[in-house]
Protein chains: 4
Amino acid sequence: MNTFGRIFKIQIFGESHGQSVGIIIDGCPQGISVKEEDFTFDLLRRKSGAKGTTPRKEDDIPQIISGIYNNFTTGAPITILFKNSNKRSYDYNFKHHPRPGHADFVAFKKFNSFNDDRGGGHFSGRLTLGLLAAGVIAKKIISNISITAKLTEAGGNKNIDEAIKQAVLNKNSIGGIIECTASNMPVGLGEPFFDSVESLISHAVFAIPGIKGIEFGSGFNAAKMSGSNHNDKIINAGGKTETNNAGGINGGISNGNNLFFIVAVKPTSSIAVSQETYNFKTDKTENLIVKGRHDVCFALRVPVIIEAVTACVLADLLLLSNLIENEI
Amino acid sequence: MNTFGRIFKIQIFGESHGQSVGIIIDGCPQGISVKEEDFTFDLLRRKSGAKGTTPRKEDDIPQIISGIYNNFTTGAPITILFKNSNKRSYDYNFKHHPRPGHADFVAFKKFNSFNDDRGGGHFSGRLTLGLLAAGVIAKKIISNISITAKLTEAGGNKNIDEAIKQAVLNKNSIGGIIECTASNMPVGLGEPFFDSVESLISHAVFAIPGIKGIEFGSGFNAAKMSGSNHNDKIINAGGKTETNNAGGINGGISNGNNLFFIVAVKPTSSIAVSQETYNFKTDKTENLIVKGRHDVCFALRVPVIIEAVTACVLADLLLLSNLIENEI
Amino acid sequence: MNTFGRIFKIQIFGESHGQSVGIIIDGCPQGISVKEEDFTFDLLRRKSGAKGTTPRKEDDIPQIISGIYNNFTTGAPITILFKNSNKRSYDYNFKHHPRPGHADFVAFKKFNSFNDDRGGGHFSGRLTLGLLAAGVIAKKIISNISITAKLTEAGGNKNIDEAIKQAVLNKNSIGGIIECTASNMPVGLGEPFFDSVESLISHAVFAIPGIKGIEFGSGFNAAKMSGSNHNDKIINAGGKTETNNAGGINGGISNGNNLFFIVAVKPTSSIAVSQETYNFKTDKTENLIVKGRHDVCFALRVPVIIEAVTACVLADLLLLSNLIENEI
Amino acid sequence: MNTFGRIFKIQIFGESHGQSVGIIIDGCPQGISVKEEDFTFDLLRRKSGAKGTTPRKEDDIPQIISGIYNNFTTGAPITILFKNSNKRSYDYNFKHHPRPGHADFVAFKKFNSFNDDRGGGHFSGRLTLGLLAAGVIAKKIISNISITAKLTEAGGNKNIDEAIKQAVLNKNSIGGIIECTASNMPVGLGEPFFDSVESLISHAVFAIPGIKGIEFGSGFNAAKMSGSNHNDKIINAGGKTETNNAGGINGGISNGNNLFFIVAVKPTSSIAVSQETYNFKTDKTENLIVKGRHDVCFALRVPVIIEAVTACVLADLLLLSNLIENEI
């Protein structure tokens, strides 16, 4: 349930206020150089403390438990932990008065109240640390491919700083739009149906909390276009196309043009203003103020995670495709 | 590569102009009534021949090969074939002069020219017959849940008949928008991360040829909203919410409200007007007229397939959740 | 439940007296030459009609449904059917009076009586035709490796013809011992724990009906040996060992020496002499004579199936290992 | 590669002389009581220090990292670590002069020398601690089923203490035979082919280092028997049989009688007497004395691990079967 990938398989675990969160990568080839400092850059991009992100500051130092020896991957499962040092659990307890927009209600129901509900427990965005760590290693496997995701819009506004400043003033939160491009793509990754590049990328992207939509290439605009406008004309023997409505994918398979997709991120559910929600003890709707430390616009932290899961998908597909190219 | 699901596992196979296309369902519980005529209604909805769909008319009679005995599922793998009776392969041959918007180029490259290229081969939309058949059975498993998908827009126009008429006149093709709702949903289907309802539904939906985007609940609008507007207020003990921006899903798990998502379908790639594309024999771009029989708006046929894959995902999750509810 | 393999994935289906039995192979690389006659030799080795095997004679002609085009694999799923032409279902009906040694009782219980019970239904040894077909293709993938399995003993007797003649006279059945050797093995197939060569081979071998035991290399004798006798001395740079108590495997991984294992096959459960078993209608034990056509020593047919599943495992591991060798 | 199970999925990781070894269990139902002391009994059974086992003494205290809250499973992935406190890596270094009977040679080749070779690295028997921990939890899931494995023979001798005393005197090692019985089995666990009980148990058992053979019920004796002797007569409506040659399994499915199987364990490869093996630096065979601390008869520690993997398989099948019983 918490695993993804066929060859480069990732498994996440942990709870927001438990001992640690972390990841296991099983199927990573041996001989890849991995040092602790390799994680720093992406960890900083995700880090708390920037304007618009929660004031909770974790050290977020990756602890390598297995699979790396003398700074190289060994071929055995790679386990990386991130300790949860800075917990303030008393801020939370929402089993009977679930926060709107959160998983409190469904977690309580699904797990018959046995779920760890401190800070969202296993549902916490903190779990994306493991995804990030896997992404750092995946990026090394797909070294020729370059992936860039960035926030292009917040709260419907291209002037992102302004939008955040305004949201802070309103004690409210805002969503955002992230664009992701993978360039220098090989031809032939992916499969016609269930393992189409779109299927795998969207599967991984929707594993990130708070994603509401994804579109590839022309995306929702395609529905308004005619075939003659939408078809991308191939212009050279490498398969380069004049336009990229396909988003770099035909029939589920990468066509060598840039992989391009856009995702929508919802506004943070936890906000400092009072909201009504059902109280399962009193059996009526009541006001609730969600305390704790929260992002005004958590979409700010998501681009690096989008890159990470994209890298994991592409690493998996690249490892799978090697097998095809080299066989027989 | 051509399989999907954990318990209710589906495997598709076949080529457009080969002997048959079909599906295997492994993991379907025994004791479900299945008759040949149960497939008729959904097959008719997908059928060729309606205005805007291709004139190729197949009989599309499901042949049950295994797993059903005395009109009940036996618990063994269910195999269903659809014969390809009406093939006109001479219309196609695009290995060296690939059709824009099609998988011709990537298929040739990925499979080193060994791919069956007659009518798109394994990449054909005809493969969705297998998905449809699996959906018919899946709908019986999730009998309390009702799934409805419909085309709400074609070529950017709510007046769908008009839009298609116009496209036929233009010898062009158009895309469309499909909305899907699953009502009477239980609380608790899905998992926090990789097996979130969104991850699984999008994985399955992007396996359908020609899908360009998907959004759940508020979707791309969420990116423009504030948290106070976006959060769905819970109003009763069953978890019913006043609004449904969540699309029926929190933290990856169904919350008992309607599952709601929208998908964008691209315009048919094969059009009757001349288009330029690269000719790999002459090494230059050249005009191409795609012969054969094609849909003007294949989005017309997609709603029943969207329902089918949604039913497969929900059947799988329901079977998985039974296990949780009944254990210990 | 009816699938096996990670890259070279096989899925079996069908019932003894249904329309067909068959196999799907998903993940087979493109470009492998496959003709109908390639199956003939192994089909003949398995075929009914030899002394000691059942008089039921099926034509057993493989029908290729998908995945092969112009006599080469295309990279798409390969589907092969074997029609069940020669059915005499009236011989069977054991839901209430289950045959000893058969799956009648468990099938009835597990599937709440919905199982197809004609001739053993999905439990029939006839399903091994699909395994055989997969093996024929797998052997082409591992072309440098040569696999040979043979019956070395029947009913405890090295003089196999004699043993069978005697069993026919007794209207009884006998079991047998099969030895399997794969030579010209590469170093490095398999994984340390759950995907050890022994784990995968035994998993596949016990999928064949009637197998009771398996041992690798020194096998059960190892339990009686001392370390100094058991350790295989490495004698050259290729890893060749003086003895082969390891059966060609160390730490779950092939070491380049011959893979060697032995399996035990039970006597055919269906015998022509009267046996007692419980009658669930009368609620007491009663005599039963199993009619129908049955092997006196079905172990005679098993070597070719042992080779087939071994080839499938090795093909899968070889495809997986290519990826490792060629990466980075 | 290091995972096993469909619902109750286990993933092992770690190296003998790395930071920790451990396990993740994904798919364990919520609400199962788990305390640290629940592991003590089985850990003591596996523990170093008994006569015939290695003098290396680890504290072996399970560290619960995730998935357990207030002493109950939460439904989220359960991670358990065992720190490696007592390492003496200088004893080992066998990349160029591999120990006979060990994985040194194959690990070096397979992982292009990047493998962690300290104390066997990821190939170490220390990894079975994770299996043991999973087994402790699995046993709680299958609480009605009772599993007992015991060493019945060492070095070919039923007088086990005597055999070990003798081996210690000889500075040699010996193998052993383990019998395992699961009683109070339900009818209906397992599947006809690839998920037969024998397939799954043998897959898991051969993941334990040093296992050479497995047989179910009559096992290798079956090959010498006639059908009339081998068939187990059903004697009551619960499916109880007079004999148990089937080992509690028909057609791959549990029949309600005791599950019974026997495994062979090889003698410890590391012995204190000098052995010849190839030296890849000098390119000739040379004498080697394996230092370090080693078991004389590591089979003594294996029964508890056999129980653990059996419990994992049965827990997985039980969870899967619930779904079937409760569906429709």
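Residues numbered from 1 in each chain as written. Chains lettered and ligands numbered in written order. Predicted model: local features only at pLDDT ≥ 70, side-chain atom pairs only at ≥ 80, totals over all residues. Heavy atoms only, no water.

Caption draft 1: The pattern of salt bridges, seen in detail. In total, this model carries 60 salt bridges over all chains according to the counting rule given. A salt bridge links D:Asp38 to D:Lys140, with the shortest nitrogen-to-oxygen separation between them at 2.8 Å. Residue D:Asp38 is found in the loop between strand 3 (20-26) and helix 1 (40-46), and its partner D:Lys140 is found in helix 3 (residues 128-141); the two are separated by 102 residues along the sequence. Between D:Glu307 and D:Lys139 there is a salt bridge; the shortest N-O distance is 2.9 Å. Taken together, the residues D:Glu307 in helix 7 (residues 302-326) and D:Lys139 in helix 3 connect sequence positions 168 residues apart. When salt bridges that share partners are traced, they join A:Asp42, A:Arg45, A:Lys139 and A:Glu307 into one network. (Salt bridge = Lys/Arg side-chain N within 4 Å of Asp/Glu carboxyl O. Helix = DSSP H or I, 4+ residues; strand = E, 2+ residues; numbered from the N terminus.)

Caption draft 2: A look at helix 5 (residues 197-205) of chain B. With nine of nine residues buried, helix 5 of chain B is to be regarded as a mostly interior element. Along helix 5 of chain B, the positions that sit buried rather than exposed are B:Val197, B:Glu198, B:Ser199, B:Leu200, B:Ile201, B:Ser202, B:His203, B:Ala204 and B:Val205. (Buried < 20%, exposed > 50% of the residue type's maximum accessible area, 1.4 Å probe, protein only.)

Caption draft 3: Main features of the interface of chain D and chain A. The partner chain A presents 39 residues to the 39 residues of chain D that form the contact. Its largest share of buried area at the contact with chain A, chain D owes to D:Ile65, D:Tyr69 and D:Phe114, together 20% of the area lost on that side. Counting the contacts that link chain D with chain A gives zero salt bridges. Taken together, the links from chain D to chain A amount to eight residue pairs in polar contact (both at pLDDT 80 or more). Of all the elements in the fold, those that place two or more residues in the side of chain D that touches chain A are strand 2 (9-14), strand 3, strand 4 (63-66), strand 6 (72-73) and strand 7 (78-83) of chain D. Of all the elements, strand 2 of chain D adds the most residues to the side of chain D that touches chain A, at five residues. Split by residue class, the side of chain D that touches chain A holds 13 nonpolar, 19 polar and seven charged. (Contact = heavy atoms within 4.5 Å. Buried area = accessible area lost by both parts, 1.4 Å probe. Polar contact = N/O pair within 3.5 Å; in protein donor to acceptor, adjacent residues only side chain to side chain. Nonpolar A, V, L, I, M, F, W, Y, C, P; charged D, E, K, R; others polar.)

Caption draft 4: Region of interest: the packing of helix 5 (residues 197-205) of chain C against helix 5 (residues 197-205) of chain D. Direction vectors running N to C along helix 5 of chain C and helix 5 of chain D enclose 175 degrees, while the axes themselves pass 8 Å from each other. Classified by the angle between their axes, helix 5 of chain C and helix 5 of chain D sit roughly antiparallel to one another. Contacts between helix 5 of chain C and helix 5 of chain D pair C:Ser199, C:Leu200, C:Ser202 and C:His203 from the former with D:Ser199, D:Leu200, D:Ser202 and D:His203 from the latter. Of the residues belonging to the contact of helix 5 of chain C with helix 5 of chain D, the class tally is two nonpolar, six polar and no charged. (Axes fitted to C-alpha atoms, helices over the stretch in contact; angles between N-to-C directions. Parallel < 35°, antiparallel > 145°, perpendicular 65-115°, else oblique.)

Caption draft 5: A look at the side chain of B:Ser66. Among the secondary structure elements, B:Ser66 is positioned in strand 4 (residues 63-66). Polar side-chain contacts of B:Ser66 include one of 2.8 Å to the backbone oxygen of B:Pro77. With residues near it in sequence (within four places) discarded, B:Ser66 still touches B:Pro77, B:Ile78, B:Thr79, C:Phe13, C:Gly14 and C:Glu15.

Caption draft 6: The arrangement of the sheet that holds strand 9 (residues 176-183) of chain A in detail. The strand order 8(A)-9(A)-13(A)-10(A)-10(B)-13(B)-9(B)-8(B) describes an open sheet built from eight strands, whose pairing is antiparallel. Edge positions in the sheet fall to strand 8 (146-154) of chain A together with strand 8 (146-154) of chain B, since each has one partner strand and no second. Ignoring which end each strand starts from, the neighbouring axes of this sheet average 20 degrees apart. The sheet strands contacting helix 5 (residues 197-205) of chain A are strand 10 (211-216) and strand 13 (259-265) of chain A, and the helix crosses strand 10 of chain A at an angle near 160 degrees. (Pairing = 2+ DSSP bridges.)

Caption draft 7: Summary view of the confidence of the model for chain A. Residues and elements named next belong to chain A. Chain-level statistics for chain A give a pLDDT mean of 92 and a share of 93% at 70 or above. Every residue in residues 323-328 scores below 50 in pLDDT, and together they form 16 contacts with partners more than four places removed in sequence or on other chains. The complex model carries a pTM of 0.96, and its ipTM stands at 0.96. (pLDDT = per-residue confidence, 0-100.)

Caption draft 8: Structural detail: the relation of the copies chain D and chain A. The two copies are related by a screw operation: chain D maps onto chain A through 180 degrees of rotation and 0.0 Å of translation along the axis, at an RMSD of 0.0 Å. This pairing of chains is accounted for by a two-fold axis. In this assembly the copies share their binding face: 100% of the residues contributing to the interface of chain D also contribute to that of chain A. (Least-squares fit on C-alpha atoms with pLDDT ≥ 70 in both.)

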